[in-house]
Structure formats: C-alpha cells, structure tokens
Amino acid sequence: MSETREAVAGARRVVVKIGSSAITSLVGGLDRDRLDCLVDALEERMRSGSDVVVVSSGAVGAGLAPLGLTIRPRDLATKQAAASVGQLALAHAWGTSFARYGRTVGQVLLTADDIARRTQHRNAQRTLDRLRALHAVPVVNENDTVATAELRFGDNDRLAALVAHLVGADALILLSDVDGLYDGDPRKGDAHLIAEVTSPEDLDGVVAGSGGALGTGGMASKLSAARLAADSGVPVLLTAASQADRALGAADVGTAFAARPDRMSARRFWVRHAADTHGTLHLDAGAVRAVVERRRSLLAAGITGMSGRFHGGDVVALVGPDGRTVGRGVVAYDAAELDWMIGFSTRQLPADLQRPVVHADDLVTL
Ligand SMILES: Nc1ncnc2c1ncn2[C@@H]1O[C@H](COP(=O)(O)OP(=O)(O)O)[C@@H](O)[C@H]1O
Ligand SMILES: N[C@@H](CCC(=O)OP(=O)(O)O)C(=O)O
C-alpha cells in the first residue's frame, strides 16, 4: 500500500466531495438509495474517529425533474432556478439519510467571494469548525442561486479543494461516476487506470476529457483540483461513489495523488489560490531575482510601475519586465500611497513608509 493511500485511510479530518453524476440522473433525479449507501460509508468512517466534511453537488440535477426539465440547462437563470428547487431536496435528503444514525447535518452554501475575501474566508472557517465541534456534519455546496458568472468557483471539485485547505483536512476524497483517472476518456475506448500520481511526469500524455450529462467540469476539473490540493499538502483519492466504502475504508481503490511534503500555510494558500487580485505591480529584473530566487520581500526600489485601485491588505499580481506574472502577494500600502513611493530606496522614504511593499511571508511565487 502506498504512503498516500495510508495517509488517506488514516486521515483524521476528511473532505469528501460527491459529484452530480454520482447521486443524480437525468431521468430519475436524486438517487436516494445511492445517497444512503454513501452515508453508510461516511458513518462508518466517522465511527472510526474521523471528522468528515461533505461537499455535495447535485442541486441542479435534483431540480430538473420537479421543474419538468429534461436536460441540464445552459443559461444561468434556469440553472439557478433548478438549483434553488434542487438544493432544498438535496439538503433534505442528506438530513434524512444521516438521521438514520441520529446525526444532524448543517448546510453551508458558499460563493467564491466567501473564500476570496480574507474576512469572509475566516467566517466560513469558523462556521465549519463550530458545526464540527457541535457534532453536526457540514454539507457544503456552491450557493448556486446567487452565484453569478463572475462569482463562481468554476466547479465543485475546486470548491472541495479549497474547503479541504480551509478546514485543515488531512485528505480529500473525490467521488464521481468513474473509478479513477484514466490515461484517456474511458467512454471513448481503450484507456488505462492510473493508480498513483506522485509527480507531474505521471500525467504526461493523460487526456482528461469532459464530463457526463450532469457533471460540470469533467475529469479536467478533477485533475486540477486534485493537483491544487496535493500541491498544498493534502493527499487526494479519486474514485467512483459506488466504491465509497472502500475509498473511505482501506483507500485501496481509484487514483491516489501524493501530497507535497511541506504543507503550505493557510495564508500563503489563500494568497496563491483563493484570493482575487486587485492590482498589478511591475518589477525590474533585480526585484524579480530577489523575490523569486532569494525569497526576499519586495521593496519600493524594485517597482517600476503599478495599476489597479488596491488597498493595503489586498492581493496584487507581481509582473516581471517581460510581462510574465512571477508571483502574488499581499500589498502593505494603498495604491495612492504606493504611487509616489515607487523607485525610491527604503532609506529615502519617511520612517512610516519603510515597511516592505510585499513582505516575504505574504508573497508566493508562481
Ligand atoms: N481521463 C479520464 N479519466 C477518467 N474519466 C474521464 C477522463 N476523461 C473524461 N472522463 C469523464 O469524466 C466524467 C466525470 O466527470 P463529471 O461528469 O464532471 O463528474 P462529477 O459529476 O462527478 O463531477 C466521467 O464520467 C468520465 O467519463
Ligand atoms: N453546484 C452545482 C454543481 C457544480 C459541479 O461542479 O458539479 P459536479 O461536476 O457534478 O461536481 C450543483 O449542486 O448542481
């Protein structure tokens, strides 16, 4: 058994993401029997001492039949209407299924903004923590009825990876309708299962295709979410919901993605993956070398220009002289203050403006 699988099997805090394709179908809507089987496996895992956070897709899928719709809508308004109907059914189904074991569930609906803004990020974190402290099982989904195109996470695989980091999970399990990552779309013929992904080379030549009639991002979104989680130190197991008992038990099925050994701090993860950027700082070649190679803080002297209306505490992109983005970081000054500081060495600046523009602890290179 690989180290990654042992880590998933032994994880104390687990985020389990269930795809639409696993619990809904176009003709039958929400599959309550499948959901019960999933809850049986989740309950088993909780009894053995793990905390579980569920990320459940399926709101749009569950809302189609009650609205007389026969295909997944493409336009935002109909999707939001379907999600509004379906989320109610979905949350109710999770609630009644966990009630068989005397467990209470708490619904948590998030928009990308709730994770991208630092204060809301902490707020979501607190809610999830408190639910677990009160022994309720958090069931998370995107807040589809209010999420506009700009405010979307993109897909629930990414949401699950962000939630895994948010709650300090020790493992992320992605359950879909396919039993793992194949080197090509298994619906299109001969494809081979990839059991372990330990380095980017393991993904050479892999074609991650689109999803089914109800899924959103297909395998491509699962792959990028798995890499996002694994890069930030969370091991990932990807398999089919029909294998949930084994995935949550011995973790001896599907594809395992090894985590990077050094877990990224919550703040750096947020800067790198979750926060929106509010502006751009243009760096000269010396400043690029200092922040990228020597991991130094960014000083005003190495900045040649800026754009955007940012405030101190916002995240900005750092761009080199060739126009390539080399990093992101939390800027210490408002745009108006920084505007006249750029190009000056620290000694030339007044004492209250001598802090680095972006401190090394708040800076991630890409
Ligand atoms: N390389 C691949 N390996 C495995 N599955 C793939 C691959 N490329 C495309 N797929 C398809 O991706 C689908 C899963 O994505 P999706 O429908 O979005 O699931 P979910 O609803 O669980 O998020 C599978 O049904 C599978 O046919
Ligand atoms: N939030 C949407 C699902 C979005 C999504 O990414 O779906 P999926 O690809 O099935 O995980 C819903 O509940 O219908």
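Residues numbered from 1 in each chain as written. Chains lettered and ligands numbered in written order. Predicted model: local features only at pLDDT ≥ 70, side-chain atom pairs only at ≥ 80, totals over all residues. Heavy atoms only, no water.

Student: Sorry, what's going on with the site of ligand 1 here?
Tutor: What surrounds ligand 1 is a group of 26 residues, the closest being Ser-176, Asp-177, Gly-209, Gly-212 and Lys-222. Within the backbone of Gly-209, an N or O atom sits 2.8 Å from a nitrogen atom of ligand 1. Residue Gly-218 places a main-chain N or O atom 2.9 Å away from an oxygen atom belonging to ligand 1. In the complex, 97% of the free accessible area of ligand 1, which totals 580 Å², lies under the protein chains. (Near = heavy atom within 4 Å. Polar contact = N/O pair within 3.5 Å; in protein donor to acceptor, adjacent residues only side chain to side chain. Areas by Shrake-Rupley, 256 points an atom, 1.4 Å probe, with all protein chains shown as cover.)

Student: Honestly, the sheet that holds strand S14 (residues 325–330) in this entry has me stumped. Any pointers?
Tutor: Strands pair in a sheet through their backbones, by hydrogen bonds, and they do so in one of two ways: parallel or antiparallel. Reading across the sheet, the 5 strands line up as S12-S11-S13-S14-S15 and stay open at both edges, with mixed pairing between neighbours. Only two strands of the sheet have a single partner each, and these edge strands are strand S12 (303–307) and strand S15 (363–365). Averaged over all adjacent pairs, the angle separating strand axes in this sheet is 25°, with direction ignored. Sheet analysis places S14 next to S15, joined by 3 bridges and oriented antiparallel. What sits directly across from Gly-327, in S15, is Thr-365. Each of strand S11 (277–283), S14 and S15 touches helix H12 (residues 285–292); the most contacted strand, S11, lies at about 115° to it. (Pairing = 2+ DSSP bridges. Helix = DSSP H or I, 4+ residues; strand = E, 2+ residues; numbered from the N terminus. Axes fitted to C-alpha atoms, helices over the stretch in contact; angles between N-to-C directions. Contact = heavy atoms within 4.5 Å.)

Student: When you look at helix H1 (residues 3–10) in this model, what are you seeing that I'm missing?
Tutor: Counting along an α-helix, one turn takes 3.6 residues, and residues three or four places apart therefore face a common direction. Buried residues of H1: Thr-4, Arg-5 and Val-8, and no others. Seen from one end, H1 has its buried residues packed into an arc of 95°, which puts them on one side. Exposed residues pointing more than 90 degrees away from the buried face of H1 are listed as Glu-3 and Gly-10. Here the buried face of H1 lies against helix H3 (32–47), strand S7 (171–176), strand S8 (196–197), strand S9 (236–240) and strand S10 (255–257). (Buried < 20%, exposed > 50% of the residue type's maximum accessible area, 1.4 Å probe, protein only. Arc of directions from axis to C-beta.)

Student: Whenever I open this one, the nonpolar core confuses me. Can you help?
Tutor: Counting residues in hydrophobic clusters, the biggest one holds 52 residues, and the most contacted among them are Val-15, Leu-110, Val-140, Val-163, Leu-172, Leu-181 and Phe-257. Discounting residues that sit within four places of it in the chain, Leu-172 has contacts with Val-15, Ala-160, Ala-161, Ala-164, Ala-229, Val-234, Pro-235, Val-236 and Leu-237. Leu-30, Ala-41, Ala-93 and Ala-241 belong to the second largest nonpolar core, which has 40 residues in total. (Core = buried A, V, L, I, M, F, W, Y, C linked by side-chain atoms within 4.5 Å.)

Student: Mind showing me how you'd approach the packing of helix H8 (residues 156–166) against helix H11 (residues 266–274) here?
Tutor: Across the interface, H8 lies against H11 with an axial gap of 10 Å and an inter-helix angle of 160°. By the angle between their axes, H8 is roughly antiparallel relative to H11. H11 is crossed by H8, and the crossing has left-handed handedness. The segment H8 lies against H11, with Arg-158, Ala-161, Leu-162 and His-165 engaging Ala-266, Phe-269, His-273 and Ala-274. (Parallel < 35°, antiparallel > 145°, perpendicular 65-115°, else oblique. Left-handed = near helix turned anticlockwise from the far one by under 90°.)

Student: Any chance you could explain the UniProt feature "binding site: substrate" (unreviewed entry) in the chain here in plain terms?
Tutor: Taking the numbering used here, the UniProt-annotated feature "binding site: substrate" (unreviewed entry) corresponds to Ser-57, Asp-144 and Asn-156. For this annotated set, covering 100 residues, all C-alpha atoms fall within 10.8 Å of each other, a compact arrangement in space. Summarising the element assignment, Ser-57 is placed in the loop between strand S4 (51–56) and helix H4 (59–64). Excluding residues within four positions of it along the chain, Ser-57 makes contact with Lys-17, Ile-18, Gly-19, Ser-20, Ile-23, Leu-90, Asn-141 and Asn-156. (UniProt positions renumbered as here; feature names shortened; annotations may be inferred.)

Student: Looking at this structure, I do not really get the site of ligand 2. What am I missing?
Tutor: With respect to spatial proximity, 14 residues lie near ligand 2, and among them Lys-17, Ser-20, Ser-57, Asn-141 and Asn-156 are the closest. Here Asp-144 contributes a side-chain N or O atom positioned 2.9 Å from a nitrogen atom of ligand 2. In the environment of ligand 2, an oxygen atom lies 2.8 Å from a nitrogen or oxygen atom belonging to the backbone of Asn-156. Look at ligand 2: alone it shows 380 Å² of surface, and the protein chains cover 97% of it.

Student: Any chance you could explain the UniProt feature "domain: PUA" (unreviewed entry) in the chain here in plain terms?
Tutor: Under the local residue numbering, the UniProt record ascribes the feature "domain: PUA" (unreviewed entry) to residues 279–358. Secondary structure content for residues 279–358 is 19% helix and 26% strand, while the C-alpha to C-alpha distance between its ends is 13 Å.

Student: So what exactly am I meant to see when it comes to the pattern of salt bridges here?
Tutor: Two side chains carrying opposite charge are able to pair once their charged atoms lie near each other. Scanning the model with the defined rule gives 15 salt bridges in all. Of the charged contacts in the structure, one is a salt bridge between Arg-100 and Asp-36, with a shortest N-O distance of 3.7 Å. With a gap of 64 residues between them, Arg-100 in the loop between helix H5 (76–99) and strand S5 (104–110) and Asp-36 in helix H3 connect regions that are remote in the sequence. Residue Arg-100 is classed as partly exposed on the basis of its relative accessible area, which comes to 43%. Since its relative accessible area comes to 25%, Asp-36 is described here as partly exposed. With a shortest N-O distance of 3.2 Å, Lys-222 and Asp-157 are connected by a salt bridge. A residue pair is termed long-range when its members are at least 10 positions apart, and Lys-222 in helix H9 (residues 218–231) and Asp-157 in helix H8 qualify at 65 residues. What makes Lys-222 buried here is its relative accessible area of 9%. Overlapping salt bridges bring together Arg-12, Arg-13, Asp-51, Asp-129 and Arg-132 as one network. (Salt bridge = Lys/Arg side-chain N within 4 Å of Asp/Glu carboxyl O.)

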